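Report on the structure
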Amino acid sequence: MYAQDSGHTSGQSLVGFTVEAADGGIGHVDRQQDQAGVQHLVVDTGVWKFGRSVLIPAGAITTIDTEAQMVKVAPSREEIKSAPRFTTDSETADHEYLSAVGAYYLSLFSTPTPSRP
């Protein structure tokens, strides 16, 4: 789900918006899925990642700036490159693939408890 403070409004189209990772641009929104439980963006990375697309869950979005037509996401470019690879549109309906992507991004945001001596 989109974070409440992300700036997302129900029914809002993000297609065509520029996508910025924590450390720089990664591409633009090619498609989006707003069905409850599987909300995500398919981002065309253009030349940044050899013309591949990546799937980014809505929960990774930190800010939507409608005026600038920009979506900011929390992960870094390298973290996005390391995500489970998106290859076909059929994966956007594959619950196993979507669960793997969700688990990967959740692992980025969970902070391990430091061990004490």
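Presented here is an overview of the structure given in this document.

Cut-offs used in this document
- Residues numbered from 1 in each chain as written.
- Predicted model: local features only at pLDDT ≥ 70, side-chain atom pairs only at ≥ 80, totals over all residues.
- Heavy atoms only, no water.
- Helix = DSSP H or I, 4+ residues; strand = E, 2+ residues; numbered from the N terminus.
- Buried < 20%, exposed > 50% of the residue type's maximum accessible area, 1.4 Å probe, protein only.
- Contact = heavy atoms within 4.5 Å.
- Salt bridge = Lys/Arg side-chain N within 4 Å of Asp/Glu carboxyl O.
- Pairing = 2+ DSSP bridges.
- Axes fitted to C-alpha atoms, helices over the stretch in contact; angles between N-to-C directions.
- Lys, Arg positive; Asp, Glu negative; His and termini not counted.
- Core = buried A, V, L, I, M, F, W, Y, C linked by side-chain atoms within 4.5 Å.

Scanning the chain from N- to C-terminus turns up two helices and six strands. Written out in order from the N terminus, the α and β elements of the chain read β-β-β-β-β-β-α-α. Taking all 117 residues of the chain together, the buried fraction comes to 35%. Pairs at least 24 apart in sequence give 49% of the contacts found in the chain among residues at least 6 apart.

According to the stated counting rule, one finds one salt bridge in the structure shown. Between Asp30 and Arg31 there is a salt bridge whose closest N-O contact spans 2.3 Å. Given a relative accessible area of 30%, Asp30 falls into the partly exposed group.

As summarised here, the arrangement of the six strands in space is β4-β3-β2-β1-β6-β5, forming an open sheet in which the pairing is mixed. For this open sheet the edge positions go to β4 (53–57) and β5 (61–65), each flanked by a neighbour on one side alone. Ignoring strand direction, the axes of neighbouring strands in this sheet form an average angle of 35°. Two strands pair when backbone bridges link them, and strand β3 (residues 40–44) and β4 are joined in this way by five bridges, in the antiparallel orientation. Along β4, the bridge assignment pairs Leu41 with Ile56. In the packing of helix α2 (residues 95–109) onto the sheet, contacts are made with β3 and β4, and the angle to β4 comes to roughly 70°.

Locating Glu91 in the fold gives a position in the loop between α1 (77–81) and α2. Buried Glu91, no salt bridge; nearest opposite-charge side chain is Arg85, N-O distance 8.0 Å. With sequence-adjacent residues up to four places away left out, Glu91 is seen in contact with Arg85, Phe86, Tyr97 and Leu98.

All right, on to the nonpolar core then. Counting 28 residues, the largest nonpolar core has Leu14, Leu41, Ile56, Val71, Val73, Ile80 and Tyr105 as its most contacted members. Of all elements in the fold, only β1 (18–21), β2 (24–33), β3, β4, β5, β6 (70–73) and α2 reach the threshold of two or more residues within this core. Looking at which element gives the most residues to this core, the answer is α2, with five residues. Each residue touching Leu14, except ones within four places of it in the same chain, is listed here: Tyr2, Val29, Gln32, Leu41, Ile64 and Val71.

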